[in-house]
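The lines below spell out each chain.
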Amino acid sequence: MGNLLYLIAVILVIIWAISFFGGYYTGGIIHVLLVIAIIAILLRVIRGAA
């Protein structure tokens, strides 16, 4: 399950980067999803290091 969350987080970050640099407007929801994605990545890194 953790691996799936990490994959989703990476995909969300990639989508955000494409929309941010490509100039497409995706609305405010993508920023909420980005925060969730970053939290998921940080939790995976912290748990993997411990």
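Residues numbered from 1 in each chain as written. Predicted model: local features only at pLDDT ≥ 70, side-chain atom pairs only at ≥ 80, totals over all residues. Heavy atoms only, no water.

A.B. asks: Could you give me a rundown of the overall build of the chain, with the residues and numbers involved?
C.D. replies: Looking only at helices and strands, the chain features 2 helices and 0 strands. A total of about 4,000 Å² of accessible surface is found on the chain, and carbon and sulfur atoms cover 78% of it. (Helix = DSSP H or I, 4+ residues; strand = E, 2+ residues; numbered from the N terminus. Areas by Shrake-Rupley, 256 points an atom, 1.4 Å probe, with all protein chains shown as cover.)

A.B. asks: If you had to explain the environment of Val-10 to someone new, which residues and values would you point to?
C.D. replies: The topology assignment puts Val-10 in helix α1 (residues 2-22). Along the chain, Val-10 and Ala-37 lie 27 residues apart, while their C-alpha atoms are 7.0 Å from each other.

A.B. asks: Tell me about the environment of Ile-30, residues and numbers included.
C.D. replies: For Ile-30, the location among the structural elements is in helix α2 (residues 29-49). Note on Ile-30: relative accessible area 8%, which makes it buried. Between the C-alpha atom of Ile-30 and that of Val-13, which follows or precedes it by 17 residues, the distance is 9.2 Å. If we skip the residues at most four places from it in the chain, Ile-30 touches Ile-15 and Trp-16. (Buried < 20%, exposed > 50% of the residue type's maximum accessible area, 1.4 Å probe, protein only. Contact = heavy atoms within 4.5 Å.)

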